[in-house]
Every structure is written in structure tokens, then in C-alpha cells.
Amino acid sequence: MLPYSALLAVVIPGFVGLGLLAFRRNVTDRAGWIATAATLISVFLMLNMATDVLDNYNQDQSPLLFEYSWIKPINVSFGFIVDVVNLPLGLIVALVSTLTCFYSIQYMAGEKDLPAYYASLLLFMMGMMGVMLSNNLIQFYLFWELMLIPSYLLIALWGTSENRLRIGFKYFIFTHVGALSMLLGILAIYSYTGTFDLVSLPQLIHLIPPEMVNVIFVLLGFGFFVKMAVFPVHTWLPDAHSEAPTPISAMLSGLMVKSGAYGIARVLLGIFGSTMTFAADFLTILAVITIAYGGLMALAQTDIKRLLAYSSISQLGYILFGLGTASSLGVTGGLLHMVNHAVSKSLLFLCAGILIHETKTRDISQLGGLMSRMPVTSAACVIGAFSLIGIPPLNGFWSEWMIFGGGLSADKIVITFIGVASTLVTAGYYLWFVWRVFFGTPSPLVEANNVDDPSVLQLTPIVILATLCLVWGLFPGSMLIFIRSAAELLTGIGG
Amino acid sequence: MLPFAPWLAWMIPCLGAVVTLALPKTKAQWSHILALTSLGVSAVFSLSMLPDVATGKLFEWRWQWSLFDMAVLIDPLNVIMASVVSVIGFLVAAFSVGYMRHEPEITRFWFLIQLFLGGYMIIVVSGDLLQTFIGWELVGATCMALASFWYRDQENARIGLKTGLLLRVGDFALLTAILSIYVSAGTFNLTELQANPEWLFTLSQSGMLVPAMLLFLVGILVKAAQFPFQDWLPDMLAASPSCFNALTECLAGPFLFARVLPLLHEGYLLGVGELSILFLATAWLGILTALLSALLATAQRNINRLLACSVSSVIGYMLVAFGVAALSPDIVPGYLAGTFLLTVDAFITGLLFLSAAFLAYVARSENLDQMGGIHSRLAHRGIEVGVFAMIGIPPLSGFWSSNWIQTVTLSLAESAARVGQTLMAASSYLLFGLILLTGGITAFYGLRMLWLLLRRSSTRTHRHLSVPSLMQRSLLSMLIITMGIDFLIPVLIPAFNTFFLPLVMKPFLVDVFEVSIYILPTMSTILSLLFCGVGAYLAYHVYVTQRFPVDRWMQQYAVLQVTHRVLFNRFYFDTFSQKLAERVIAASTLLMKFVEKGMDMGLNTVASTITTAAQLIFHGFERQFDIIAAAFAARVVTAVHASYHLIELEGLSQRPIKGFNELFNSLTRILLSIAQQLYRLFEEDIAQQLQRGFLTSFHRFENQLRRLHTGLVSYNLLMVALGLGLLLGLLLLFGLGGGG
């Protein structure tokens, strides 16, 4: 492992982003390539920690710690923790960011002020990496907010419609309120335990009076739920994800919403494990409502990106269900689904971007018969959709059965049956989507626009993602080797 | 056994599928050769396992794969099914080379076929439920894709979607059932599940056993195209390339049931009584499907739809056999009857489908009315053998297997009656009667198809046959194999039963004599021949001599016409599912319009209310501020005036000093006039102007600020208010209560 790996993996994209801003006049056309290179460095830095993380876990379940002194008087250090829980997530954040960045090179070509776009993208990525890898809660919060600002700018400045300012604003306020609630929770934790440190908190949790534990749990949970777009607080997501430029939609939907799920796993499950077990019924019910509601909404959409956005809500319901069961199998499934959904959903968004670019429409009813016109994109899109439906041997299958197996093993039988039944809606809207867009005779619009597969530059990211869907489906162990240990670690502390 | 046979048997077709994709599209020949090789090799590997099982070498072979245990089970059921599937698969592939020779997208066809067979082989060799499920899903997904193989046609695309969705229902049901088993047993492995039937009791205690097992049954029923989920099969087979239909994927359903049945039955014997619900449901849904599908088959015009109904019907028989077997005191006769039918039927159905595809290829139509009058001895013999075997003409297999099942049902009825279980006895007698009835209807539709296909047509010109030789040869091989099986049945049954001895552990009908004694001289045989004869008689007079003018009757009696229409449209299941889907979509659109938009609008209303309130407050405050300021200023001015009058003018003038007083007076007057001048100048002009100027600029600034911030402030206030409310609520709920 290289020294300072975690630190560099987080800050390199940020500094490169600032550099792009500073030299915006000099880099113009090369900004995309430079940004892709910076994100790629993060991927390699994450990869090079993999073996050490596993070795450390197998020795004594300890994480890799990178600490640098920061605010001494209140005992806060600046640092990163890398263990079996967040290594896969950090890796996937870096990887998908790299691919979307690369995809942007051609997709965004010709847009205004590209260096600033890439700078925002890199800062956004830095925020997500920081959230995933932070070793203390205050730093977690800071990166959480850092994630918000560039993403707001990306929606508001490069968004696709007239409404982008209003929608950006809605997004900002929603997530900000969530973040404030979370901040209250974090400060409350500090006031009782005197530390923000994620490593030592699980041992200090008895210092918090039991009544306050519930309050803190709800405050933090609310913050995470808003980010995850769980049912009653989800209305920002379809707007934001469908208005953002498509590569950014892929990052928002594939990655950013996972930070909420990561918060639930790391903080609620890892620290407040016993409360989580009590809350399990509530969480799983909320999750099933989210799954069904998001799915039904997706069924009603005619806009490709809104369909995918609602599908994200539904899929995050799956993740919440898995984590909410607080059982080893369910948490494994939930964590695995975070990775799988990141891959599949960003794949679908990137494909949708190509479709929109080529056909000049987002209306599903105007598309049709694209299979014969753009075979590669179609095949990739079908793989993504099948993966999220849960068809083996694609990756989504593994996480889905584990999630619902977890529900059964936590004795949540009725709710699991309902959950499984509502996955039919998922199959319904995806299959219908695939059939409407790709099968049948080419629609007049498709004929008129002379639609074709795009150039290699745009196909490369989707082919890589589709391959990942297949490879992680055929070799589920490659991810599970981390995630199964992670679930043991999290439920072990909680139990 | 060849090395790694049970693994390579399914891996090779899967690999073949992947490699097919890499082949250049222009060289169709290469993909033909690749597919034939991979499926042929798979068949060789599968067949090579037969001697091992015959000599009694049964074992389970596990392999750690990417943190999961994979397992293949080498036992009679798996091996015989693997051999059947892979041999038919190879023949179908050879047939398809000819059939699909003009297809431009042959690569996709071979990809799907090989993946399909790979998935099917996974199901039939697997010793692990999760692995079975993976194969199950692969088969389902490829079926869906094959139904939409000619996806440019809107109708085919729709059928693919429908197939996919209906199959998903079964898949999810099956997955839930498998997960329930996994959660209570901690393993997916069949051998472990068999060795330790504790899990059945765990499930039973948690009350999950019956729901889980019924879901399991739903999974099987969907895949096996049984009532009420049978509707995907006829459409799917009519839409997909006909040559593929001979690979009856539906047989995976009864196969999986046969695979799991011994486990369940053991639990049943150990005292998990609820399982009888599952067995009864299986038997009854089986016979219901057999009967209804046979009825549907009588009205179909498309040959693939007709054969699809017959597949459902035959699988119904198998499920009856399994259900009855599990309820019987001795599982062995019924279990063997079901598995035997499963094995033999794969060939009969395969032969029928291949012959039908052959005729359809020549006639360029799948409509029964247009397929008659084609002179092909090969296809006609295929149809004859298939139909006679299916309807139970004595020396052929159908006769033996259906009578076997009937005998098992009768013996269950008798044994139930003997111990006083009248309900069970009545149910079994009723089952027996319905099987007989189904036999009669089967004879009717089977012969209808036969005579419609074989009749001499005067209307159609005699076609010149130009069928690729590979098609002819593979059909011939299929015909020879099936005829061999069919005519050797009395010998094969003992061999089959001996082969299964290691699995069922109990010898049953192990020589020809026993078979004949068991089946020939029974009431069931006589009755079934009778019903068959009635069916045949009706069909003969309707379709050959045409002494029964059905068309005229239909015009005369509306009931007949309606019945025919209902049967032809397969009970309108298709319309029903279409309508259901439309309703769901309409409902979710409504949900979006009212709930989702409503949530958004509600939020906006709250925000705008707060904005208005804030504006009101600011306006009011501002006006008050103006009034107060003006009043204050007026007071100050009055006070100054009053004090001036009081002190300066009146107070000083009272002073009794002469001379000085005048001076002072004049001075005062001067000062006063100066002050008045100054006052006028300063107070009235400059100060008021200043004040006015300040006020206007303040207003302007404030308006600017308000315009900028109206949204922001109100949103923030909304959120802060919400946050405060939430916090307050929480504190009230938990904080105060606990604090005291």
C-alpha cells in the first residue's frame, strides 16, 4: 500500500478540480481528460488498499487508519478510516465517477464553461469520497455539505430545462434541512460522549442516556432518509435527477444517494445497533412502502430520466430493507446492493443519455425498435435493467435474494412477503420500458433521426459497466469477500 | 463417466453461447458448427454419466465457487433428465440449422439456444436449490427473449413482455419459498436438506410452512404452464421460432417437484401433516389443468398453440401422479409413474413439435387448416407416433403411463376407503374419473390434429419439397428414438425402475411380467380404452366422415358457439392480463397525479403561505415603524416649542430688572428671529429632506432585498420552523420525560 493512500484518494480530485478552475483559460479542451486522470488515480489508490484492508480484518478486525492532527482542543483529528465496510463503496464511487467523467468528455462537449463543470464534478466526487472514508462525524458532516454545493451548481448551471434554478433550489433546501437535522444529532452525540471519533464511539455509546439515544437516532435517521429519498421525503429526487445533465444524474442516482445508506450502515447500525433492532419493523415497513411507491411511480412515467429516478427511489427501498432488517444476511444484501445499484443505475443513466442524445427526445412513447439501430447500447441497457430486476447471473440477483433472505431470517415474514411481491412492480416497469424502447418496429422519430450507436468514447463507459454487472454476477465472491465481513462487523457491534 | 462430466455438461453450452457472440456475423456456418459441437459434447458428457448411476455409484460433487458452494448431484433422476434434455437439445439444434438457415440474425438465435440449454442443464444436474434457481431464471429469461426473437413485429414483442412478466411471478414465488427453506435450514444444499429434515419442523412451527410450500407450488405451476398460470405458453410457442419449441422448458417444473418431493414426503411421514395441503393442491391443480388444457386444445387452430395446450395437459398428469404418490402410504409407485411419464413425454412432445415445425416449414404456415395435404411420409409418421403415444393407443407409451397413474390413484382411493378417510377416498375417485374424462378429450383433440394434418387436400397444390437434409435427418433420428422407446415400453419400465432403485430404495415392477399384471387386467385399462374410443369416435365422425355437421350445429346453438369462442381464446386470459396491466398502469398514473403531485403542491402551498405571512409581518411592522417615528418626531418638536415658550419667552420676561430686561428682550427677539430663520431653514427643509431621502433610499434598498430574498428567506424559515417543531416535539416526547 502506498503511504497516505486514503488521504490522496480523497483530496487529489479536489485539488485537481481547484487547479482546473484556476487555470480555466489554459485547459479548455483538455479539462475532461485531466479530470478523468485525477479520478482514475483515486481508483488505483482505493484498489491498492484492498489487500491490506482484508489482512487487517482477518488479523483482528481492525481498520486501516490515517490520522492527522487537526483541532487539538476539542480532540478532533482529520483522518480517514478504511475497512471492509467502506472500501467497496469508496472504490465504486471512484470508479463510477471516473466513468462518468470520461463519458462527459464527449457528452458535454460544446457546453459552456467546461473547466468549471469538471471542477464541480471533481469536488462533488471529493465530497462523496470524504463522506465514505471519514473517520469522525464532524468531518463526515463537512464532506456531506461539500458534496451538496458542487452538485447544486451542476444542476443549476448545466441542467437541462428552464426549471433548473427552481429545482436546484428545491434540492438544496431539502438536503440541507436533512443535513441540519443530522448535524443536531452529531452535536448531541458529542455533548454526551465528548468525541466524534467513529472508531471509539461504539464503546462510548453507553454514556448517552437511553431516552436521548432515541432522539439522536431519529435526528440522524431523518438526515439519512432525506438523502436516500425514503418515501415521504423523496420528492426532491425525481426533479433533481431528471434535471441534472445525464452524467451527473448517473452520479447522483448511482452514488450520492448511497451516502445516506452508508450513514445508516456506519452510524445507525454500527453505533446504535441495538436501537436499530428495535426500529427494524418501522424501517422495513418504510422500505417496503418506498419500494412499492417508487415502483408504481416509475410505471406511470413517460420520461426516461424520471422513470430511472423513480426507480432509484424504489431501489433505495431495497437497500433500506436490507439494512433495516439488522440481520447479517440482510445487511450483506443491503451493502452489496449499494454497490450493484451504483453500477447498474449509472449504466442505465448513461445509456439513457445516449438515447436522448441520439433521438433528441426523452419521451418513451416516441421511441421504439431501437434494438436494431443501436445494438450495443440496447444490449447494455437490457443488462442494466435485468440486473436490477434480479435475473441471474447478473449482479443484482445476489443482493436481492440476500436482502429478502435477511428479512425472513429476521422473522419479518409478512413484510418480506409483501416486499417480494412488490419487486414484481420492478420487473414490470423495467421490462415494459425495455420492450417499449428497444423492441417492435422503429418509431417515426427514430427513423427520422437516423439513430445509430454513438462513438467508442461514449460506448466505453457503458460497456465497462455492463461487463461489471456480468462479472460481479458470475463472481459474487469478489465483492462479498469484503461485504460479508462488513456485515459481520456491523451486526456484531450492534448485536 | 468422462472427467468432470456433470460440470462440463452445462458449462460447455454456456461457454458456447459466449463464444458465439464473438464470432463474425457474416460466417453463419461457424456459429452452426459451434452450436452443434457444444451441444453434442454436452450430450456426450451427460450420457457418459448413465453407466455410473446404473452401477449404483451415486454421489454429490461440491465445488467452492466465489464464496458459494456449488453442487451437482449424480443420481438417477438428475442423470436421466440430463441425458434426455441434452440429447433432445442436440437433435433440435441439428434441426434448427436447417430450419433457420435463412435467418440473418442466427448468431443471436444460437446464443439464446445455447444459454437456454446451459440453464436447463444447470437445473437438471444441480444439487443445490440456489443453483437450480439460477438455471431456472436463465431458462426463463431466454424464453422471454426467444418469444421476442423476431422483435420487430409488435405482437411478438408484446408476447415476450407478457411471457417475461408471467414467468417473473413464478420466479419470485419460487425464490421466496427457497429463501424460507434456506433461512430455516441454513443451507441450499439438497443433500443436507435431505439428511436433516429438522428444517421442516422449524418452518412448521413458525407457521411459514404452508405459505412457503404453496409459493413453491406456484413457482412450479408457472414454469410448468399449469392452471391458472398456463396462458404464457401457447402464445410464447406461437411467437418463438418453431424449431426451438421441441425443447419443452415446462418440464423443468415437474422435474423440480420430483426433485424435492422425496424430501417433503419424508417430512410428511415424520409428522408434518400440513404438507398434505400441498400434495392435494398439486394433484387437483394438476388434473384441473389436464382437463382444461385438453378442452382448450380442441379449439386451437395454430398448431403450436394446440401442442402447447397438450404440453400443459400432460404435465398436469405428472403433477397428479406426484400429488397422489405423496398422499399414498407408499410413495414409490406414483413417484415412478410421474418420473417415467416425465422422461418419456419429453421425447413424444419433442417429436410432435419437430414434426409440426417440419410441416409448418413446408406449408409456410402454422395454421392447421393450411398444413394439411402435404406429402411427407417422415413428418406424418412422426405425427402418428406422437399422437398415438399421447392418446394412449395400447402398445405405445401413453397407454402404459396413463394407466399406471390411474392405477395409483385408484389404489389410493381404496386404501383411504379402507382406513375410513372418506373424503380422501372420494377425492381420489373423483380424480380418477377426471383422468378418464381427460383421456377421452385428449383422444378427440389428438385425432383431430392427426386427421386435419393427414387429410388429402384438394384445394392446395402439391408442394415441391425442398427441405434441408439436416432437418430430415434429425427428425428421422427423433422418430427412431421415440419409436424405440414407445414400442419397448414394457421392457423399459422395469429397466427404468431398476435404474431408480438407488433413489426410491424399494423394488417395484422390476420385470415385464409384473408390469403387465399391474397394468393390463385392471378396470382402469378397460375404462380408459372406452373413453379413448368415445373420443376417437367423435373425432372420426367430425373430421373424417363429417357425419356430425359441427359447423351447422354451431350456427344453430349459440351455446356451442360461445363455448368454442371461449376455448379458442383460451378463457380470455390474455385479455384479462392485458387489462390487468393497463389497470395497474392507470392506477399508478392516478397515484402520481394525486398523491405525488399533491405532495409537491402541499409543500409549495406551505412555502408560499409562509412567504405571504412574512410579507404581511414585514409590511405591518414597517408601517407601524413609520407612524411611531412620525409621532415621536412630532412630540419632540412640540416639546421643544413648549419649553421655548415657557422658559425663554415667559420665564425670562417675568424678571424685574429694568433696562437689562429691554436689552434682553431685544436680544431675545433677535435670537428668536435667528432661531426661527434657522429653524425654518434647518428643521423644515434640510432635516425633513434628509429624512425623506433616507426613507426613500431605505425603501428602495429594502425592496431590492425583498425581491432577492423572498424565496430564500421563506424556504429557510419554513425549514427552520419545521426543524424547530420537530426538535421541540422530540424533546417533549423523549427529553422532558426522561429528564425528570
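Nothing here was measured: the structure is a model prediction, and the numbers come from that model. (Residues numbered from 1 in each chain as written. Chains lettered and ligands numbered in written order. Predicted model: local features only at pLDDT ≥ 70, side-chain atom pairs only at ≥ 80, totals over all residues. Heavy atoms only, no water.)

Asker: Hey, could you go over the interface of chain A and chain B for me, with residue numbers and the actual values?
Answerer: Of the residues lining the interface, 63 residues belong to chain A; the matching set on chain B comes to 54 residues. Between chain A and chain B the total buried area reaches about 5300 Å² when both faces are included, carbon and sulfur atoms providing 80% of it. Among the salt bridges present, the one from Lys170(A) reaches Asp600(B), with a minimum N-O distance of 2.7 Å. Remark: the boundary between chain A and chain B carries 13 residue pairs in polar contact (both at pLDDT 80 or more). Listing elements by their share of the side of chain A that touches chain B, those giving two or more residues are helix 8 (164-193), helix 10 (210-228), helix 11 (236-243), helix 13 (273-299), helix 16 (375-389), helix 17 (395-409), helix 18 (413-438) and helix 21 (477-494) of chain A. Here the element with the most residues in the side of chain A that touches chain B is helix 18 of chain A; it accounts for eleven residues. Residues belonging to the side of chain A that touches chain B are distributed by class as follows: 45 nonpolar, 14 polar and four charged. (Contact = heavy atoms within 4.5 Å. Buried area = accessible area lost by both parts, 1.4 Å probe. Salt bridge = Lys/Arg side-chain N within 4 Å of Asp/Glu carboxyl O. Polar contact = N/O pair within 3.5 Å; in protein donor to acceptor, adjacent residues only side chain to side chain. Helix = DSSP H or I, 4+ residues; strand = E, 2+ residues; numbered from the N terminus. Nonpolar A, V, L, I, M, F, W, Y, C, P; charged D, E, K, R; others polar.)

Asker: Lay out the packing of helix 17 of chain A against helix 7 (residues 154-185) of chain B with the relevant residues and their values.
Answerer: At a minimum axis separation of 9 Å, helix 17 of chain A and helix 7 of chain B run at an interaxial angle of 55°. Put simply, helix 17 of chain A runs oblique to helix 7 of chain B. Here the hand of the crossing between helix 17 of chain A and helix 7 of chain B comes out right-handed. Every residue of helix 7 of chain B that contacts helix 17 of chain A at Trp401(A), Phe404(A), Gly405(A), Leu408(A) and Ser409(A) is listed here: Leu175(B), Thr176(B), Leu179(B), Ser180(B), Tyr182(B) and Val183(B). Split into classes, the residues belonging to the contact of helix 17 of chain A with helix 7 of chain B amount to seven nonpolar, four polar and no charged. (Axes fitted to C-alpha atoms, helices over the stretch in contact; angles between N-to-C directions. Parallel < 35°, antiparallel > 145°, perpendicular 65-115°, else oblique. Left-handed = near helix turned anticlockwise from the far one by under 90°.)

Asker: With reference to specific residues and values, describe the packing of aromatic side chains.
Answerer: Per the counting criterion, the structure on display carries 58 aromatic pairs over all chains. Measuring from centroid to centroid gives 5.1 Å for Tyr117(A) and Tyr118(A), while their planes differ by 80°, and the two rings are edge-to-face. The exposure classification of Tyr117(A) matches that of Tyr118(A), with both residues buried. Through successive ring pairs, a cluster of aromatic residues spans Phe397(A), Trp398(A), Trp401(A), Phe68(B), Phe133(B), Tyr182(B) and Phe188(B). (Phe/Tyr/Trp six-rings, centres within 6.5 Å; stacked < 30°, edge-to-face > 60°. Buried < 20%, exposed > 50% of the residue type's maximum accessible area, 1.4 Å probe, protein only.)

Asker: How would you summarise the side chain of Thr235(A) if you had to cite specific residues and measurements?
Answerer: On the secondary structure map, Thr235(A) appears in the loop between helix 10 and helix 11. Other than its neighbours up to four places away in sequence, Thr235(A) contacts Lys170(A), Phe174(A), Glu596(B), Met599(B), Asp600(B) and Leu603(B).

Asker: Tell me about the environment of Ala50(A), residues and numbers included.
Answerer: Residue and element names in this part refer to chain A. Within the secondary structure, Ala-50 is located in helix 4 (residues 50-60). In sequence terms Ala-50 and His-337 are 287 residues apart; their C-alpha atoms lie 19 Å from each other. Setting aside residues no more than four positions away along its own chain, Ala-50 makes contact with Leu-87 and Phe-482.

Asker: So what about unusual backbone geometry? Which residues, and what values?
Answerer: The residue after Pro392(A), namely Pro393(A), is reached through a cis peptide bond having omega 5°. Along the chain, the position of Pro393(A) falls in the loop between helix 16 and helix 17. The residue after Phe227(B), namely Pro228(B), is reached through a cis peptide bond having omega 0°. With respect to the secondary-structure elements, Pro228(B) resides in the loop between helix 10 (209-223) and helix 11 (232-239). Although it is not a glycine, Gln546(B) adopts a positive phi angle of roughly 55°. Looking at the secondary structure, you find Gln546(B) in the loop between helix 24 (523-544) and helix 25 (550-556). Gln546(B) gets classed as exposed once you look at its relative accessible area, which sits at 58%.

Asker: I'd like a rundown of the state of the cysteines, residues and numbers included.
Answerer: Under the counting rule described, the total for this entry stands at zero disulfides over all chains. With no disulfide of its own, Cys469(A) lies 9.7 Å from the sulfur of Cys351(A), the closest cysteine sulfur. The exposure class of Cys469(A) is buried, given its relative accessible area of 0%. Cys14(B) carries a free sulfur, and the closest cysteine sulfur to it, the one in Cys143(B), is 15 Å from it. The exposure class of Cys14(B) is buried, given its relative accessible area of 15%. (Disulfide = S-S within 2.5 Å.)

Asker: Describe helix 17 of chain A, with residues and values.
Answerer: Helical periodicity: at 3.6 residues per turn, an α-helix aligns residues three or four positions apart in one direction. For helix 17 of chain A, spanning 15 residues, the distance from its first C-alpha to its last is 22 Å, which sits close to the expected 21 Å at 1.5 Å a residue. Counting buried residues in helix 17 of chain A gives 14 out of 15 residues, a clear majority hidden from the surface. (Expected span 1.5 Å × (residues − 1).)

Asker: Got a sec to walk through the confidence of the model for chain B? Specific residues and values, please.
Answerer: With 94% of its residues at a pLDDT of 70 or more, chain B shows a mean pLDDT of 85. Interface confidence in the predicted complex, given as ipTM, is 0.91; pTM for the same model is 0.86. (pLDDT = per-residue confidence, 0-100.)

Asker: Tell me about the side chain of Thr343(B), and name the residues and values.
Answerer: Mapped onto the fold, Thr343(B) is located in helix 15 (residues 332-363). Here Thr343(B) is in contact with Ile80(B), Val84(B) and Phe496(B), once residues within four sequence places are set aside.

Asker: Residue-level account of the pairing of strand 2 (residues 68-74) of chain B, with values.
Answerer: Among the seven residues of strand 2 of chain B, six are classified as buried, and the element is accordingly described as predominantly covered. Hairpin connection between strand 1 (residues 59-65) of chain B and strand 2 of chain B: a loop of two residues separates the two successive antiparallel strands, and Ser66(B) in this loop has a positive phi of roughly 50°. (Pairing = 2+ DSSP bridges.)

Asker: Tell me about the packing of helix 7 (residues 137-158) of chain A against helix 12 (residues 246-269) of chain A, and name the residues and values.
Answerer: Relative placement of two packed helices is described by the angle separating their axes and the distance separating the axes. All names here are of chain A. In contact at an axis separation of 12 Å, helix 7 and helix 12 are set at 160° when each is read in the N-to-C sense. With respect to their mutual orientation, helix 7 and helix 12 come out roughly antiparallel. Considering only the axes of helix 7 and helix 12, their crossing is left-handed. Listed contacts from helix 12 to Leu-137, Phe-140, Trp-144, Met-147, Ser-151, Leu-154 and Ile-155 of helix 7 are Ile-248, Leu-252, Met-256, Ser-259, Gly-260, Tyr-262, Gly-263 and Val-267. Broken down by class, the residue content of the contact of helix 7 with helix 12 amounts to eleven nonpolar, four polar and no charged.

Asker: Quick rundown of the nonpolar core? Include the residues and the values.
Answerer: Core analysis: the largest hydrophobic core is formed by 425 residues, its most contacted members being Leu220(A), Trp236(A), Phe272(A), Trp401(A), Phe438(A) and Trp404(B). It is helix 15 of chain B that contributes the most residues to this core, 23 residues altogether. If you look at the next biggest cluster of nonpolar residues, it comprises six residues, including Phe169(A), Ile173(A), Leu718(B) and Met719(B). (Core = buried A, V, L, I, M, F, W, Y, C linked by side-chain atoms within 4.5 Å.)

Asker: Can you lay out the environment of Leu567(B) for me, pointing to particular residues and giving the numbers?
Answerer: All names here are of chain B. Turning to its location among the elements, Leu-567 is positioned in helix 26 (residues 558-568). A C-alpha to C-alpha distance of 8.1 Å links Leu-567 and Ala-297, two positions 270 residues apart in sequence. Contact partners of Leu-567, with chain neighbours within four places excluded, come to Leu-295, Leu-296, Thr-298, Ala-299 and Gln-300.

Asker: Outline the environment of Phe224(A), supporting the account with residue identities and numerical values.
Answerer: Residues and elements named next belong to chain A. Along the polypeptide, Phe-224 turns up in helix 10. For the pair Phe-224 and Thr-175, spaced 49 residues apart in the sequence, the C-alpha separation amounts to 9.3 Å. Contacts of Phe-224, omitting those with residues within four sequence positions, involve Phe-140, Trp-144, Met-182, Gly-260, Gly-263, Ile-264, Val-267 and Leu-268.

Asker: An account of a nonpolar patch on the surface is needed here, citing residue identities and associated values.
Answerer: Residues and elements named next belong to chain B. A grouping of Leu-663, Leu-667, Ile-670, Leu-671, Ile-674, Leu-678 and Leu-681 is seen on the molecular surface, where their side chains present a nonpolar patch of about 670 Å² in accessible area. Inspection of the secondary structure puts Leu-671 in helix 28 (residues 660-739). You can call Leu-671 exposed: its relative accessible area is 56%. (Patch = residues over 30% accessible without salt bridge, like charges linked within 9 Å, V, L, I, M, F, W, Y side chains within 5 Å. Areas by Shrake-Rupley, 256 points an atom, 1.4 Å probe, with all protein chains shown as cover.)

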